[in-house]
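Geometric and topological summary
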Amino acid sequence: MNSRRPWFHWTLLAAALLVLAPASSRAEIPLSLYGDIDYKYTKDQTGASSFSVPRVELFYSGNYDRLSYLAEVMFEAANNAYTFDIERVQLTYTFADWARISAGRFHTSIGYYNDAFHHGYYFVLTTERPTAVDFEDSNGLIPAHLVGLQADGRIRLGDNLAIRYDAEVGNGRGNPGEVTLQFARHLEPAMNFRLRFEPGGALDGLLIGGNIYHDQIPTLAGSIVYPMRELILGAHAAYFENNIHFVAEYMWIQHQEFDGGTNTYKTNAFFAELGYTLKDAWTPYVRYENTKFGSTPDPFFTAEAVVDSGGNAAPNDLGPDRGSYQRGTIGVRYIFNEHVALKVEGQLQYFSDAVSAGRTTVYTAKTQIAVAF
Amino acid sequence: MSKILAAFAALLFSTAALADEYILVTSASNPTASVTKTELKEMILGKQKAWKQGSIVHLLLQNDESKSTDWVASQLFGVGVKTLITKIRQEVFKGELAKPVSCNSDADCLEQAKSIGGALTFVAAAAKLPEGVKAVPIAP
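Residues numbered from 1 in each chain as written. Chains lettered and ligands numbered in written order. Predicted model: local features only at pLDDT ≥ 70, side-chain atom pairs only at ≥ 80, totals over all residues. Heavy atoms only, no water.

**Here's the deal with the side chain of A:His255**
Residues and elements named next belong to chain A. Secondary-structure assignment places histidine 255 in strand 11 (residues 244-257). Histidine 255 sits in the buried class, given a relative accessible area of 0%. A polar atom in the side chain of histidine 255 sits 2.7 Å from the side chain of glutamate 230. With near-sequence residues (within four places) excluded, histidine 255 lies in contact with Ile217, Met228, Arg229, Glu230, Asn263, Thr264, Tyr265, Asp298, Phe300 and Phe301. (Helix = DSSP H or I, 4+ residues; strand = E, 2+ residues; numbered from the N terminus. Buried < 20%, exposed > 50% of the residue type's maximum accessible area, 1.4 Å probe, protein only. Polar contact = N/O pair within 3.5 Å; in protein donor to acceptor, adjacent residues only side chain to side chain. Contact = heavy atoms within 4.5 Å.)

**Quick look at the pairing of strand 11 of chain A**
Residue and element names in this part refer to chain A. Pairing of strand 10 (residues 228-239) with strand 11, which is carried by 12 bridges, proceeds in the antiparallel orientation. Its bridge partner lying in strand 11, histidine 236 is registered against glutamate 249. In this structure, the hairpin formed by strand 10 and strand 11 is closed by a connection of four residues, where asparagine 242 is found at a positive phi of approximately 50°. When strand 11 meets strand 12 (residues 264-276), the two strands line up antiparallel, connected through 13 bridges. Pairing of glutamine 256 across the sheet is with threonine 264, part of strand 12. Hairpin remark: strand 11 followed by strand 12, antiparallel, with six residues in the connecting loop; positive phi at aspartate 259, about 60°. (Pairing = 2+ DSSP bridges.)

**Focus: the pairing of strand 15 (residues 340-352) of chain A**
All names here are of chain A. A one-sided burial pattern is seen for strand 15, the buried positions being Ala341, Lys343, Glu345, Gln347, Gln349 and Phe351 and the unburied ones Val340, Leu342, Val344, Gly346, Leu348, Tyr350 and Ser352. Linking strand 14 (residues 325-335) to strand 15, which pair antiparallel, is a turn of four residues. One ladder, built from 13 bridges, connects strand 15 with strand 16 (residues 359-372); its direction is antiparallel. In the sheet register, glycine 346 faces strand 16, and the bridge partner there is alanine 365.

**Section: helix 3 (residues 67-77) of chain B**
Those residues of helix 3 of chain B not exposed but buried are B:Ser68, B:Thr69, B:Trp71, B:Val72, B:Ala73, B:Leu76 and B:Phe77. Two residues or fewer past helix 3 of chain B, B:Gly78 is found with a positive phi of approximately 70°.

**Description of the interface of chain A and chain B**
Of the residues lining the interface, 42 residues belong to chain A; the matching set on chain B comes to 29 residues. Counting the surface lost from both chain A and chain B, the interface buries some 3000 Å², and carbon and sulfur atoms represent 45% of this. Ranking the residues of chain A by area buried against chain B places A:Asp97, A:Phe123 and A:Asp280 at the top, with a combined share of 20%. Viewed at the interface, chain B and chain A are joined by seven salt bridges. In this structure, the salt-bridge partner of B:Glu96 is A:Arg100, at a minimum N-O distance of 3.1 Å. In this structure, the connection of chain A to chain B is made through 17 residue pairs in polar contact (both at pLDDT 80 or more). Sorting the residues of the side of chain A that touches chain B by element identifies strand 1 (31-43), strand 2 (50-64), strand 3 (67-78), strand 4 (81-96), helix 2 (113-116) and strand 6 (145-156) of chain A as the ones contributing at least two each. Ranked by the residues each element gives to the side of chain A that touches chain B, the list is headed by strand 2 of chain A, at four residues. Of the residues contributing to the side of chain A that touches chain B, the split by class is 15 nonpolar, 11 polar and 16 charged. (Buried area = accessible area lost by both parts, 1.4 Å probe. Salt bridge = Lys/Arg side-chain N within 4 Å of Asp/Glu carboxyl O. Nonpolar A, V, L, I, M, F, W, Y, C, P; charged D, E, K, R; others polar.)

**Structural notes on the packing of aromatic side chains**
Residues and elements named next belong to chain A. Counted under the stated rule, the structure contains 20 aromatic pairs over all chains. Aromatic pair tyrosine 113 and phenylalanine 271: ring centres 5.9 Å apart, planes at 85°, arrangement edge-to-face. Placement of the pair is tyrosine 113 in helix 2 and phenylalanine 271 in strand 12, with a sequence separation of 158 residues. Residue tyrosine 113 is classed as buried on the basis of its relative accessible area of 0%. (Phe/Tyr/Trp six-rings, centres within 6.5 Å; stacked < 30°, edge-to-face > 60°.)

**Brief notes about the sheet that holds strand 3 (residues 58-62) of chain B**
Residues and elements named next belong to chain B. Here five strands make up an open sheet; going across it, the order is 4-3-5-1-6 and the pairing mixed. Either end of the sheet is taken by a strand with one partner, and the two such strands are strand 4 (101-103) and strand 6 (133-136). Averaged over all adjacent pairs, the angle separating strand axes in this sheet is 35°, with direction ignored. Across two bridges, the pairing between strand 3 and strand 5 (residues 119-124) is parallel. If you follow histidine 58 over to strand 5, its bridge partner there is alanine 119. Contacts between helix 3 and the sheet are confined to strand 1 (22-27), strand 3 and strand 5, with strand 5 contributing the most and set at about 105° to the helix. (Axes fitted to C-alpha atoms, helices over the stretch in contact; angles between N-to-C directions.)

**Brief notes about helix 5 (residues 106-114) of chain B**
Residues and elements named next belong to chain B. Taken together, the buried positions of helix 5 are occupied by Cys109, Leu110 and Ala113. One side of helix 5 holds all its buried residues, which, seen down the axis, span an arc of 95°. Packing partners of the buried residues in helix 5 comprise strand 1, strand 3, strand 4, strand 5 and strand 6. (Arc of directions from axis to C-beta.)

**Observations concerning unusual backbone geometry**
Residues and elements named next belong to chain A. The phi torsion at asparagine 242 lies on the positive side, around 50°, for a residue other than glycine. Along the chain, the position of asparagine 242 falls in the loop between strand 10 and strand 11. The exposure class assigned to asparagine 242 is partly exposed, which follows from its relative accessible area of 47%.

**Observations regarding the pattern of salt bridges**
Counting across every chain of the model gives 28 salt bridges over all chains. Look at the salt bridges and you will find they share partners, linking A:Arg100, A:Asp152, A:Arg154, A:Arg156, A:Arg164, A:Glu198, B:Glu42, B:Lys49 and B:Glu96 into a network.

Below you can see the structure in the form of structure tokens.
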């Protein structure tokens, strides 16, 4: 017992020095905490009204001159239990404005929304992402995450125009609901390229762009009989100036079977959202979403998701029972301060039933308290 | 008529005073002679990641209740300080912007800016600039 005393005393002394040290001499750990608490009322045949605490997230970002590193770690609710997921891990070196190289797991540069908004809902205007650009384990249509390499940059072409590019190569699609964070499931890597234009002058704040993504989808016993080539073409526009929030995106997704298969599946998705901030706090907003699947269900989108982020089987709501959909959302966000935002919104959705050719209407009201510390 | 002229003169004077209330400051080792308002906005939000001569931008920002941050929000961006701070934090979250270094006062910002080559901060125009930092004019 006595032999521990010197160690104990030194520990006490070190702790006291740490507590008494001036703030400026302490190492600052740039760690942020995000999360949200929600209540959702749904009126349909199966929906239940529920409180939820869907996610808690830790975010770290550090910089050393031209080198930066960020990590986004999330505890996410699935089947009434929390699962653990590392959403982003990104090591970046900035050579110049026109050349930046990143490696790791990042949000794919598809459209505007996917890599502009992440999991911290304090920054998201609405209570949910548009379904088309939702995450792999949440019925999203796009490969929201990519594990691989990314090059991006911005080149100013005079006073009134700048262009931005993103070029990415990575593991690409895996099974439905999966992010291939450890190994690719096909030989050809996924490739993505995005080009955007930023006019200046009176149009300062406007961004217009397009992208092309090419990948493969592997077979999956019982669901996806033939491998498919995936091609995603998209166009988007965004404007964030003068208290205006505007995003509009269109994407065309083609899945073409090969290696014995002959079917081609095409999906069109569009969404737009508009908000206007009043008195530095209130932002009323509206959003419209329209997604049309082909008449023959796409096996990748209709397959049961094999895994979600926690390794659990997750049903896919975009299956044949819930086909093409339109969704209108209206709401308001109130930012109390830099830590808390409150959102209240209503939603009307029409789902086409690909099996019965009928239509389902769903009404939803939702409120969300999003926090950032 | 004289009252109208006096009011007009007062308005002009107050506008000029507001515009000159705060200045942009960087390290003395930064050779940049001036920046435009557009370039400055882009550097604050991480769109432009380096100064023209190449060093990486390091934003030093006083807390959101400070007058200097309020001035940056209203005069440069035309928005409230909460909107600007939310936007800056969002850009950090996206990975587009290095987390701003926080400083507590003009003197603290100036002291820290001395040792950071690409420092970008704002202090009151009346503040005395120590050696090791310099003011950078903002072109329209």
